[in-house]
Amino acid sequence: MITINSYVKPESLEEAYELNQKRANRILGGMMWMRLGSGRVQTAIDLSGMGLDQIEESEEEFKIGCMCTLRQLELHKGINQYTDGAVRECVRHIVGVQFRNQATVGGSIFGRFGFSDVLTCFLAMDCYVELYKGGIVPLREFVCQKRDRDILVNVIIRKDVRKIRYVSSRRTKTDFPVIACGVAKAGEEWQVSVGARPMKAVLVTEKADERNAAEIAEKLTEQVTFGSNMRGSSEYRKALAKVLIRRQIEALMEEC
Ligand SMILES: Cc1cc2nc3c(=O)[nH]c(=O)nc-3n(C[C@H](O)[C@H](O)[C@H](O)COP(=O)(O)OP(=O)(O)OC[C@H]3O[C@@H](n4cnc5c(N)ncnc54)[C@H](O)[C@@H]3O)c2cc1C
C-alpha cells in the first residue's frame, strides 16, 4: 500500500517542480499505476489545477497536456482522423472506460513502461515531449533517457504526411500486450516501433523501396531485441512481431 503524508495542488509549474526536487515527493498523474506500489510519499503533487488537461490542435501539431486522460485521446476526432484511428486502437484495450477516464497521458509517457501501448504508438509518430526544465525533446530520445525529477508538461505530435497503423496482440482481453507494433510510412522510410518486447518500445527504420512487405518486415524485426516473461518467449514475440509488421505494411502499401 502506498502512504501519502501530505497533498499539494500547486498553482504554477515552478512550484510543482521545486516540490518535486525532493526525493520523497511524487508527481501524481491519474495514480492508476502509482497506487499499486508501496512505500511512503512525503508530499503528493497534484498537477490538476493548471489547465493541463486540454488537447490543442493547430495546422502543424497536436499539443496534448500531461493531465489529459487516455479516454480523451480515444475520443479526439482530430487525432484519430490524423492517425486513421491508430491512437484509438492503442488505448482501447487498456482495462476499461472508467480506467481510461483516469489514467493520464503524462503518467503513461513519463513512466516509460515496457508494456506501454501509448508509448509504442506515439513513438511511430513525429512526436516530442515538452519538459518543464528540459525543453522540447524528441520522444525517441526521451525513451532512452534516465528518469529524472523533471515534469512532463505536454506531448506534441507534429503533423506530417505519414500514414500510421497500430496493432497489439494479447493473450486475453484487457491484459498487458504480448507484443505491440506501430507501423508508419513516412516519406521514403518505414518507421516501426515495437513495444512490450517486453522491454520498452524501440523505433527501427528501413528504406521504403521495391522490396515486398515480407522482406521489409524481416529486416525490421531483425533490428529488434526481444525478451521472455510470463506472457511469452522471445522467439514467440519475434514471430508475432514479424507477422504483425508485415500485415500492417501490406495494408499501408495498398493504401499509398
Ligand atoms: C491494471 C493495469 C493495467 C494496465 N494495462 C495497460 C495496458 O494494457 N497498456 C498500457 O499501455 N498501459 C497499461 N497500464 C498503464 C496505464 O495505462 C497508465 O500508463 C498508468 O496507469 C500510468 O498513468 P497514470 O496517469 O495512472 O500515472 P501515475 O500512476 O499517476 O504516475 C506514473 C508515474 O509517472 C509519474 N508522473 C505522472 N505524471 C507525470 C508528469 N506529468 N511529469 C512527470 N512525472 C509524472 C508519477 O510520479 C509516477 O512515477 C495499465 C495499468 C494498470 C494499473
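Just so we're clear, the structure is a prediction, and the values are computed from it rather than from any experiment.

K.L.:
Teacher, can you tell me more about the pairing of strand β7 (residues 135-138) here?
P.N.:
Within a regular strand, side chains alternate between the sheet's two faces. As paired strands, strand β6 (residues 127-131) and β7 are joined by four bridges and run antiparallel to one another. Paired with Val129 across the bridge in β7 is Val137. Two successive antiparallel strands, β6 and β7, enclose a turn made up of three residues.

K.L.:
Is there a simple way to think about a nonpolar patch on the surface in this case?
P.N.:
On the surface, Trp33, Leu36 and Phe176 cluster together into a nonpolar patch covering about 310 Å² of accessible area. Looking at the secondary structure, you find Trp33 in the loop between β2 (26-28) and β3 (39-46). The exposure class of Trp33 is partly exposed, given its relative accessible area of 43%.

K.L.:
How should the UniProt feature "domain: FAD-binding PCMH-type" (unreviewed entry) in the protein chain be read in this particular structure?
P.N.:
In the numbering adopted here, UniProt assigns the feature "domain: FAD-binding PCMH-type" (unreviewed entry) to residues 1-162. The span residues 1-162 carries 29% helix and 26% strand; its end-to-end C-alpha distance comes to 44 Å.

K.L.:
Help me understand the domain arrangement of the protein chain in this model?
P.N.:
Interface size, as often reported, equals the accessible area lost upon joining of the parts. Taken as a whole, the protein chain is organised into domain 1 (2-45), domain 2 (55-158) and domain 3 (163-255). Relative placement of domain 1 and domain 3: their C-alpha centres are 35 Å apart.

K.L.:
It is not clear to me how unusual backbone geometry should be interpreted in this structure. Could you clarify?
P.N.:
Across the chain, the bulk of peptide bonds are trans and the bulk of non-glycine residues have phi less than zero. The omega angle of the peptide bond from Arg197 to Pro198 is 20°, so this bond is cis rather than trans. Take Pro198: it is sitting in the loop between β11 (189-195) and β12 (202-207). With phi around 55°, Asp84 is a residue other than glycine that occupies positive phi space. Its place among the elements puts Asp84 in the loop between α3 (77-82) and α4 (86-91).

K.L.:
Whenever I open this one, the sheet that holds strand β9 (residues 163-169) confuses me. Can you help?
P.N.:
Hydrogen bonds along the backbone pair up the strands of a sheet, which may run parallel or antiparallel. What the four strands build is an open sheet, ordered β9-β10-β11-β12; its pairing is antiparallel. At either margin of the open sheet sits one strand with a lone partner, and together these are β9 and β12. Within the sheet, the average angular offset between the axes of one strand and its neighbour, ignoring direction, is 15°. By the bridge criterion, seven bridges tie β9 to strand β10 (residues 179-186) in an arrangement that is antiparallel. Counted as the bridge partner of Val167 is Cys181 from β10. Docked against the sheet, helix α9 (residues 213-222) engages β11 and β12, running at close to 140° with respect to β12. Contacts from helix α10 (residues 234-255) reach β9, β10 and β11, with the element oriented near 30° to β10.

Reading the values: rules and limits
Counting of residues starts from 1 at the beginning of each chain's written sequence and follows it residue by residue. At least 70 in pLDDT is required for a residue's local features to be given in this predicted model, at least 80 for side-chain atom pairs to be given and counted, and no such filter applies to totals for whole chains, interfaces and linings, which use all residues. Only hydrogens and water are removed before side-chain values are computed, so all heavy atoms of the structure are retained for them. Strands pair, by our definition, only if DSSP identifies at least two bridges between them. Counting from the N terminus, the helices are the DSSP runs of H or I reaching at least four residues and the strands are the DSSP runs of E reaching at least two. Each patch is built from residues that are more than 30% exposed by relative accessible area and take part in no salt bridge. Like charges join if they lie within 9 Å; nonpolar side chains (Val, Leu, Ile, Met, Phe, Trp, Tyr) join within 5 Å. Here the Shrake-Rupley method, with its probe set to 1.4 Å, supplies the accessible areas, and only the displayed protein chains count as covering residues. Salt bridges, as used here, are contacts in which a Lys or Arg side-chain nitrogen is within 4 Å of a carboxyl oxygen on Asp or Glu. Relative accessibility decides the category of a residue: with a 1.4 Å probe and only protein chains considered, values under 20% of the type maximum give buried, values over 50% give exposed, and everything between is partly exposed. UniProt positions are given in the numbering used here, feature names are shortened, and annotations may be inferred rather than shown by experiment. Throughout the structure description, domain borders are defined by an automatic or database domain assignment. Note on geometry: axes are C-alpha line fits, over the in-contact stretch for helices, and angles between N-to-C directions span 0 to 180 degrees. Any two residues whose heavy atoms approach within 4.5 Å at even a single point are treated as in contact.

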